[in-house]
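# What the coordinates show
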Amino acid sequence: MEGKNLLRYLFFLSAIVLLLYFTLLSLPYPPSKAELLDCTTSSPWCTSKNRIQSKNPENPITKPNDPTRHRQRHTADVPHHPLDPLTLTELNRVKKIIQSYELFKDSVYALHSVVLEEPEKKAVLKWKKGDPLPARRAAVIARVSGVSYVLTVDLGTGEVTRHETNQYSGYPTMTLEDMSSVTWAPLASADFNRTVIERGVDLIDLACLPISPGWFGMAEESRRLIKVQCYSMKDTANFYMRPIEGLTVVVDLDTKEVVKINDNGKNIPIPKADNTDYRFSVQNSYQRLVNPISIEQPNGPSFTIEDDHLVKWANWEFHLKPDPRAGVIISRVMVRDPSSGEVRSVMYQGLTSELFVPYMDPSDAWYFKTYMDAGEYGFGLQAMPLDPLNDCPRNAYYMDGVFAAADGTPYVRSNMVCVFESYAGDIGWRHSESPITGMKIREARPKVTLVVRMAASVANYDYIVDWEFQTDGLIRIKVGLSGILMVKGTPYVNVNQVNQQESLYGTLLSENVIGVIHDHYITFYLDMDVDGSDNSFVNVHLQREYTSPGESSRMSYLKAVRKVAKTEKDAKIKLKLNEPSEFHVVNPSKTTRVGNPVGYKVVPGATAANLLDLNDPPQKRGAFTNNQIWVTPYNKSEQWAGGLFVYQSHGDDTLEVWSQRDEPIENKDIVLWYTLGFHHIPCQEDFPIMPTVSSSFDLKPVNFFESNPILRIPPNVDKDLPVCKAAASA
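The model shown is predicted, which means the values in this text are computed figures rather than measured ones.

Here is what the cut-offs are and how they apply
- Residues numbered from 1 in each chain as written.
- Predicted model: local features only at pLDDT ≥ 70, side-chain atom pairs only at ≥ 80, totals over all residues.
- Heavy atoms only, no water.
- Helix = DSSP H or I, 4+ residues; strand = E, 2+ residues; numbered from the N terminus.
- Buried < 20%, exposed > 50% of the residue type's maximum accessible area, 1.4 Å probe, protein only.
- Areas by Shrake-Rupley, 256 points an atom, 1.4 Å probe, with all protein chains shown as cover.
- Salt bridge = Lys/Arg side-chain N within 4 Å of Asp/Glu carboxyl O.
- Pairing = 2+ DSSP bridges.
- Axes fitted to C-alpha atoms, helices over the stretch in contact; angles between N-to-C directions.
- Contact = heavy atoms within 4.5 Å.
- UniProt positions renumbered as here; feature names shortened; annotations may be inferred.
- Polar contact = N/O pair within 3.5 Å; in protein donor to acceptor, adjacent residues only side chain to side chain.
- Disulfide = S-S within 2.5 Å.
- Phe/Tyr/Trp six-rings, centres within 6.5 Å; stacked < 30°, edge-to-face > 60°.
- Lys NZ or Arg CZ within 6 Å of the ring centre and 35° of its normal.
- Patch = residues over 30% accessible without salt bridge, like charges linked within 9 Å, V, L, I, M, F, W, Y side chains within 5 Å.
- Lys, Arg positive; Asp, Glu negative; His and termini not counted.
- Charge placed at Lys NZ, Arg CZ, Asp CG, Glu CD.

Bringing the overall build of the chain into the picture now. Helices and strands together make up the secondary structure of the chain, namely nine helices and 35 strands. For the chain, with 730 residues in total, the buried portion stands at 53%. For the chain, the exposed surface amounts to about 33,800 Å²; the carbon and sulfur share of it is 52%.

Dropping the structure here:
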């Protein structure tokens, strides 16, 4: 009897510890209802930093780091732009409308997504500041009594104007409540508790993670499932390095019932906690490798944020909003032409559409680890508050996300996005004339950029996404990977113990710890509107040409051959170093004074191609990574490369499926999709936490301007810059 009471006590205590642990350290658990109170209290969930109002109340301007800043409650937020996200007040109204709708009465339900249903593109393009806003509507994805629904809620009339069930395979993005509650569900199983104790882990030291199962056609996948794997957090915050290898619990996400327990690692020890904790507070010593550095702006920042979401900087302006699935959405991107003074359109909308992270271990406890982080977990839902001075510099402005919990109650994800000006000593342009010309010319201009940043912590992995705007018209989209590896337990403590015929599926990083090989693919949705919506995609291919006999002392040269894509099939691009091309999005009806079509080009950086078999079930779901570039006709309903319902989907609603229609794309409203890829073979430097590795791609003007758009910017001179006293001279 005493043993049963002890087990009940341990179960209760473990559940509390797990809930607190994931709340504070791992998953972004939403605030309690007491903290929310519809955000009418002074709770920190209901405030935003760094905001002041302009003298004109119709035109509130936010100045970063203004000394008169005050904390503003989100209860006062109102929409000013057709693309502004739903406000706290609007989310509360959606909740009330949903509760009174017949479908939800006396039913068990959860709201998996509540976001603005954006107006039609033509209406947004037509809208001007001062015009009435188009009707405000909410797009709601809900599960009611086990069925997935897509709804439209009209905030003006209070009516549900669309009511559809899911037409495809798959389920909605998990709610935060799904993720946090399922981690303690295995503790309801006596078999699970017994297994954990037999593996040498006290239940009070247990930490568990919710792992999306993918789809492999198995019979039990006719219901919404999740796989739970657990770790020991004894003596370290970095429990990821202490896996209970081979123990996998299959749980019904709706009922929290334990469906199956697999334990195939009884002979694999739990790795030790030594040297795994990464927190500064627990290090025995530290190294100050460099002196502190900070950017100072004596005249203040050069950007403003009007009406909470309209960013204006240098020659750029764009709409910015946090999003629970994409993280951030950049819209109505326009640049001022220095020649004409005209504000010209570059892109209607850009966002992170989907991530695909397949691990390369086919064993029972690993084969299903093929994550789609945006569609399964919510890239924005996993965004943590940014750390001032470390995630973002001193001169940053912070923007909150306002989202809805599973019951519709709004909550605030504070400091989710930061905006700041960056100067890294880079050069905008330069030229020094050689002394042999007799001209004493030395001209150089500094490169200052504007960065929009968010960081998502999807359990162990951290993603940093930057949208960087340059004064020369270039937009750089950069992804950084950091955080903690997902590792595998092993009996080996040294590579000399491993049989040469045996595959570890990774690298031995420390005693009993293997870092498993995996890939990361991040697919971006880029609705380019270069000087208007009707654009064409042009492949400018460099090919070798030969001179005629006697024509030249040269035998060969390169020629640029332009091919305009007629249909989607023509625009499927696999990047190849030995077949170089430029990829232009042009407006064929707009030309420069010398006749070139105005355009932008996508400039790939370091990237990786997916090598999985096209018939492998994970690759069918992640088929949007089959090419690095796709171009499709604009379709408001086609924004998520893996489909609207990604969780356990079969791959029947992806970018690859849509492109099979092979529709015309010449001189049409088109969307460019670009996939940035990483192959990751872990190494010991990744242990216990990874230094950030980054890659990027550019959207660069090509014959968009008549000449260099930053020709007339002035150089820096001493009187423009503050003089800071050094602690000591070098």
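Another point: the pattern of salt bridges. Tallied over the full model, the rule gives 34 salt bridges. Among the ionic pairs, Lys 121 bridges to Asp 529, the shortest N-O distance being 3.1 Å. In this pair, Lys 121 sits in helix α4 (residues 121-126) while Asp 529 sits in the loop between β28 (518-528) and β29 (534-546), placing the two residues 408 residues apart along the sequence. Put simply, Glu 638 and Arg 661 hold a salt bridge, and the shortest N to O gap is 2.5 Å. You can see Glu 638 sitting in the loop between β33 (629-633) and α9 (655-659) and its partner Arg 661 sitting in the loop between α9 and β34 (668-680), a full 23 residues away along the chain. Several salt bridges share partner residues, and in doing so they unite Lys 121, Asp 527, Asp 529 and Asp 669 into one network.

Time to look at the sheet that holds strand β9 (residues 225-232). Strand order across the open sheet formed by four strands is β8-β9-β10-β11, with antiparallel pairing between neighbours. Looking at strand neighbours, the two that pair on one side only are β8 (206-211) and β11 (258-263), the edges of this open sheet. In this sheet, adjacent strand axes meet at a mean angle of 25 degrees when their direction is disregarded. Across the sheet, helix α6 (residues 190-198) touches β8, β9, β10 (243-252) and β11, and the angle it forms with β10 is around 175 degrees.

A few words on the UniProt feature "modified residue: 2',4',5'-topaquinone" (unreviewed entry) in the chain. Per the UniProt record, the feature "modified residue: 2',4',5'-topaquinone" (unreviewed entry) sits at Tyr 461. Among the secondary structure elements, Tyr 461 is positioned in strand β23 (residues 461-470). You can call Tyr 461 buried: its relative accessible area is 3%. Side-chain polar atoms of Tyr 461 contact the side chain of His 518, separated by 2.8 Å.

Bringing the state of the cysteines into the picture now. What the rule picks out here adds up to two disulfides. Paired by a disulfide, Cys 208 and Cys 230 hold their sulfur atoms 2.1 Å apart. Note on the Cys 208 and Cys 230 pair: the S-S dihedral is about 100 degrees, so by sign convention the disulfide is right-handed. Linking Cys 208 in strand β8 with Cys 230 in strand β9, this pair joins segments that are 22 residues apart in sequence. When its relative accessible area of 2% is taken as the criterion, Cys 230 is described as buried.

On to the pairing of β23, then. Within β23, eight of the 10 residues are buried, leaving the element largely enclosed by the surrounding structure. The pairing of strand β22 (residues 449-458) with β23 spans 10 bridges and is classified as antiparallel. Residue pairing across strands places Ala 455 opposite Ile 464, the latter belonging to β23. Between β22 and β23, which pair antiparallel one after the other, the connecting turn spans two residues, and Ala 459 there sits at a positive phi close to 60 degrees. In terms of strand pairing, β23 meets strand β24 (residues 475-483) through nine bridges, oriented antiparallel.

Right, let's get into the sheet that holds strand β7 (residues 159-165). Taken in spatial order, the four strands make up an open sheet running β4-β5-β6-β7, and their pairing is antiparallel. Edge strands, defined here as strands with exactly one partner in the open sheet, are β4 (109-116) and β7. Pairs of neighbouring strands in the sheet enclose a mean axial angle of 20 degrees, with direction left out of account. Where strand β6 (residues 147-154) and β7 come together, six bridges link them in antiparallel fashion. Directly across from Thr 152, in β7, lies its bridge partner Arg 162.

All right, on to the packing of aromatic side chains then. This model, assessed by the stated rule, comprises 26 aromatic pairs. Here the aromatic rings of Phe 216 and Tyr 367 are separated by 4.9 Å at their centres, their planes lie at 70 degrees, and the arrangement is edge-to-face. Residue Phe 216 is located in the loop between β8 and β9, and its partner Tyr 367 is located in the loop between β16 (343-358) and β17 (370-371); the two are separated by 151 residues in the primary sequence. Linked through ring pairs, Tyr 359, Trp 366, Tyr 371 and Tyr 377 together constitute an aromatic cluster. Sitting over the ring of Phe 368, Lys 227 keeps its end group 4.1 Å from the ring centre. Residue placement shows Arg 325 over the ring face of Trp 640; its charged tip is 4.5 Å from the ring centre.

Here we come to a positive patch on the surface. Taken together, the side chains of Lys 569, Lys 572, Lys 574 and Lys 576 present a region of like positive charge at the surface. Along the chain, the position of Lys 569 falls in the loop between β30 (556-564) and β31 (581-591).

Next up on the list: the side chain of Thr 654. Tracing the backbone through its elements, the reader meets Thr 654 in the loop between β33 and α9. Setting aside its immediate chain neighbours within four residues, Thr 654 contacts Lys 620, Arg 621, Ala 623, Ala 641, Gly 642 and Gly 643.

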